[in-house]
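An overview of the molecular structure
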Amino acid sequence: MARSLAGFLVLILFASICEAASLFQPISDSHRSAALELFTPDHGSFRSLEEIYEALRTFQILGIEKKPDVTATACRSISETVGSSSSTPKDLFYSLKANSIAECKINEKASQGIITRLNAAVNGASSLLDFYYSVGGLVLIKDQSSKADVHLADAEGVFRSVKAFSQSDGRWRYSSNNPESSAFAAGIALETLAGIVSLASSEFDQSLISTLKNDISKLFDSIEKYDDGALYFDDKLVDGHEHQGPLSTTASVVRGLTAFAAVAAGSLNLPGDKILGLAKFFLGIGVPGDAKDFFNQIDSLACLESNRVSIPLILSLPYTVLSLTKKDSLQVIVNTVLGSNAPSLTVKLVGAFRSGSKDASLVESQELKFDSGTGAHILNNLPKSIDVGSYTFVFEIVLNEPEHEKVYVAGSQTKVPIFVTGLIKIENAEITVLDSDLGSIETQKKIDLAGQNAVSLSANHLQKLRLSFQLTTPRGHAFKPHQALLKLRHESKVEHIFVVGNSGKQFEMVLNFLGLVERFFYLSGRYDIELTVGDAVMENSLLQAIGHIELDLPEPPEKAPRPPPQPVDPYSRYGPKAEITHIFRAPEKRPPKELSLAFLGVTILPLLGFLIGVSLVCAAAFYIFIQPESY
């Protein structure tokens, strides 16, 4: 029973950690396993080139080598698409995206044909998506073919055509006929404009770049925030067909932002904390169960991993539950969002506070020791001021090289919920029967709450029962558990539960039976005694049977309350019933077989005589019929 209670309290502990924790873990092997399940071809093939590209891109980012044979399928689809004159700019765009990873062979004639068709699509584009697919396709063919001369003759004019879809709040429209604007479209526009700048044949007008930087700043003014510091974009559109969720919308903005930052001169003047907040949003999702969401998460994190604005660093803890008894060390790991090693840095523990307390920090600032073997920053011994309980630890990351401060962002301080557990010392436990009038001890017995007990007591309604014990933490302080309950169970299954109060280290419960006779329904007899002491941070929580007490209570008066009916055991009501045995009627007594056959013969003889007589009469009648003259 004690083990069951301890296991239950451990579950409560982990549930409370999951509710309160604001920890963000970098990409791990669980994502790689999920990728292999989500991006498995359906009946040997994917439904579209877009899905093929997403599978190839995901495997590439996660470094998955043992993957389904997607490349062969991709090359067949790419070859069919680029060779077809009916392929749309969208088809060509995703075929070239897939080919950037699959590296299938596209002959020069096909490449020139694609360039011609995409240039014509740019000139005839009338919507944001038209520009996105055609310009994006030209950028891809330029990167994949060293011999192809790919550029836009009037790049600034195309830039202004796309810029015409922008709004004053940094969001964009899909077309001039659609009044609704969205952050998702803004991401597409930024990626398109980045492609236009890279395809320019001459130096680009920097005033256009500056204007777009201002649009990006306005877009980030509308960013939304969770309590844990995660930042995201969301669209509130009336047209449900165009609405994208926060994950898709934020992924679109991140792709557009990083693409534009790669081609724009100078910085974008975005605070590093906003980039870190975006990283926290994608990591806070966990492992998505949908292939599209999974790709958006992984691809966005890869963009943040290599962007020119700020590369976010993520602080994580392998364990947030530490045992004082086992002398667990505090370990902190700092990685990039994809789990790569962080640059040279120092991790400091700058504060520790009891959960829900506004008191001063329990610790002074101290530096954690870096272990090059494990890549973790370690504090071997917790400070003496840290006892069992729940805390909020505050960490600070300091980059050792000044030039890294322009490349990486780790945030100012990181708050992490920590649970410190330990074995609670239980001592001076005793149970006593007291005289109600004088308070003198009639029976007193020591009990071992860490072992087995079989105490046998007896009392009447004029006496009292006292239970007392002390709880001490590993640091020697008084410990107040989440629950301390005393249960008395009558032999008729009627239970009574009492809360054990405390004063400092001392816990004491006194039951005055004279005042409890009505509550006990005047039921005399045997009562089993059971003590429960439990807390999430108490490693030796207990549910202990102490023994029993024989109570002699007075006879109940006429109008005394009766004990409540006990709940019916569901197993007795809904469980299997007893086997039904059928009683059949006894067979009738029959005569011997010989007698039955003799009776059958006697019965059949008259019938035989009758049949013989009938046959003779018929024969005579027939004779008379054929020779009537003889008569």
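Residues numbered from 1 in each chain as written. Predicted model: local features only at pLDDT ≥ 70, side-chain atom pairs only at ≥ 80, totals over all residues. Heavy atoms only, no water.

1. Regarding the nonpolar core
One finds Trp172, Ile196 and Phe220 to be the most contacted residues of the largest nonpolar core, which totals 104 residues. Here this core gets 11 residues from one element, more than from any other, and that element is helix H9 (residues 183–198). If sequence neighbours within four positions are ignored, Phe220 has contacts with Phe233, Val253, Leu257, Leu270, Lys274 and Leu278. Grouped together as the second largest cluster of nonpolar side chains are 70 residues, Leu324, Phe393, Leu471 and Val537 included. (Core = buried A, V, L, I, M, F, W, Y, C linked by side-chain atoms within 4.5 Å. Buried < 20%, exposed > 50% of the residue type's maximum accessible area, 1.4 Å probe, protein only. Helix = DSSP H or I, 4+ residues; strand = E, 2+ residues; numbered from the N terminus. Contact = heavy atoms within 4.5 Å.)

2. Structural notes on empty space enclosed by the protein
Scanning all chains against the criterion turns up one cavity of 30 Å³ or more. Of the volumes computed, that of the largest cavity is approximately 30 Å³. Lining of the largest cavity is provided by Gly170, Trp172, Ala186, Leu190, Asp215, Ile216 and Leu219. Among the elements of the structure, H9 and helix H10 (206–221) are those that each provide at least two residues to the lining of the largest cavity. Broken down by element, the residue count for the lining of the largest cavity peaks at three residues, all from H10. Of the residues contributing to the lining of the largest cavity, the split by class is five nonpolar, one polar and one charged. (1 Å grid on protein atoms, 1.4 Å probe; cavity = no way out; pocket = protein on both sides within 12 Å on 5 of 7 lines; lining within 4 Å. Points joined across faces, edges and corners; volume = space filled by probe spheres on them. Nonpolar A, V, L, I, M, F, W, Y, C, P; charged D, E, K, R; others polar.)

3. Description of the environment of Ala560
Within the secondary structure, Ala560 is located in the loop between strand E24 (542–552) and helix H14 (570–574). For Ala560, a relative accessible area of 16% gives the class buried. A C-alpha to C-alpha distance of 7.2 Å links Ala560 and Glu518, two positions 42 residues apart in sequence.

4. With respect to the pairing of strand E22 (residues 506–512)
Residues of E22 alternate between two faces, with Phe507, Met509 and Leu511 buried on one and Gln506, Glu508, Val510 and Asn512 left unburied on the opposite face. Sheet topology note: the strand E18 (residues 463–472)/E22 ladder contains seven bridges and is antiparallel. Paired with Phe469 across the strands is Phe507, a residue of E22. As paired elements, strand E21 (residues 501–503) and E22 share three bridges and run antiparallel to each other. Among the inter-strand pairings, Asn502 is bridged to a residue of E22, identified as Phe507. Here E21 folds back onto E22 in antiparallel fashion, the turn holding two residues, of which Gly504 has a positive phi close to 70 degrees. (Pairing = 2+ DSSP bridges.)

5. Details of the sheet that holds strand E16 (residues 441–446)
Taking strand neighbours across the sheet as the criterion, the five strands line up as E16-E15-E18-E22-E21 in an open arrangement whose pairing is antiparallel. Lying at the two open borders of the sheet, with one neighbouring strand each, are E16 and E21. Within this sheet the neighbouring strands show an average axis-to-axis angle of 20 degrees, counted without direction. Summarising the sheet, strand E15 (residues 425–435) and E16 pair through five bridges and their orientation is antiparallel. When the sheet's bridge partners are listed, Val433 is paired in E16 with Thr443. (Axes fitted to C-alpha atoms, helices over the stretch in contact; angles between N-to-C directions.)

6. Comments concerning the state of the cysteines
All chains considered together, the criterion is met by one disulfide. With its sulfur 2.0 Å from that of its partner, Cys75 forms a disulfide with Cys104. What sets the handedness of the Cys75 and Cys104 disulfide is the S-S torsion sign, and at about -85 degrees it is left-handed. Separated by 29 residues along the polypeptide, Cys75 in helix H4 (residues 70–83) and Cys104 in the loop between helix H5 (89–102) and helix H6 (108–123) bring together distant segments of the chain. Note on Cys104: relative accessible area 13%, which makes it buried. (Disulfide = S-S within 2.5 Å.)

7. As for a nonpolar patch on the surface
A contiguous nonpolar surface patch, about 850 Å² in accessible area, is contributed by Leu597, Leu600, Ile604, Leu605, Leu607, Leu608, Phe610, Leu611 and Val614. Assignment of secondary structure puts Leu597 in helix H15 (residues 593–626). (Patch = residues over 30% accessible without salt bridge, like charges linked within 9 Å, V, L, I, M, F, W, Y side chains within 5 Å. Areas by Shrake-Rupley, 256 points an atom, 1.4 Å probe, with all protein chains shown as cover. Salt bridge = Lys/Arg side-chain N within 4 Å of Asp/Glu carboxyl O.)

8. Some words on the side chain of Arg255
Tracing the backbone through its elements, the reader meets Arg255 in helix H11 (residues 246–263). You can call Arg255 buried: its relative accessible area is 18%. A distance of 3.2 Å separates polar atoms of two side chains, one belonging to Arg255 and the other to Asn296. When sequence neighbours within four positions are dropped, the list of residues in contact with Arg255 reads Glu191, Phe295, Asn296, Asp299, Ser300 and Cys303. (Polar contact = N/O pair within 3.5 Å; in protein donor to acceptor, adjacent residues only side chain to side chain.)

9. Quick notes on the pairing of strand E17 (residues 455–460)
Across the two faces of E17 the burial differs, with Val455, Leu457 and Ala459 buried and Ser456, Ser458 and Asn460 not buried at all. Here E17 runs beside E24; their pairing, made up of six bridges, is parallel. From the neighbouring strand, Ser458 faces E24, where its bridge partner is Glu550.

10. What to know about helix H2 (residues 29–38)
Of the residues making up H2, those classed as buried are His31, Ala34 and Ala35. Buried residues of H2, seen end-on, are gathered within an arc of 105 degrees and therefore sit on one face of the element. Residues Asp29 and Glu37 are exposed on H2 and point more than 90 degrees away from its buried face. In this structure, the buried residues of H2 make contact with helix H3 (49–62) and helix H13 (291–305). (Arc of directions from axis to C-beta.)

11. A few points about the layout of surface pockets
Here the largest pocket is characterised by a volume of approximately 1,400 Å³. For the largest pocket, the lining is made up of 47 residues, of which Phe93, Lys97, Tyr132, Glu191 and Arg255 are closest to its centre. Residues that form the lining of the largest pocket fall into these classes: 20 nonpolar, 15 polar and 12 charged. As a volume, the second largest pocket reaches approximately 600 Å³. Asp228, Gly229, Lys280, Gln413 and Thr414 are the residues nearest the centre of the second largest pocket, which is lined by 28 residues in total.

12. With respect to the pattern of salt bridges
Under the counting rule described, the total for this entry stands at 17 salt bridges. With a shortest N-O distance of 3.9 Å, Asp169 and Arg171 are connected by a salt bridge. The class for Asp169 is partly exposed, based on a relative accessible area of 33%. By sharing partners, the salt bridges in this structure join Lys487, Arg489, Glu495 and Glu530 into a single network.

13. Comments concerning the sheet that holds strand E12 (residues 389–399)
Spatial ordering of the open sheet is given by E6-E14-E12-E8-E9, a layout of five strands whose pairing is mixed. Every other strand in the sheet has two partners, leaving strand E6 (321–323) and strand E9 (366–367) as the edge strands with one partner each. As paired elements, strand E8 (residues 345–354) and E9 share two bridges and run antiparallel to each other. Residue pairing for E9: Lys348 is matched across the bridge by Glu367.

The quantities given are spatial measurements derived from coordinates; they are silent on function.
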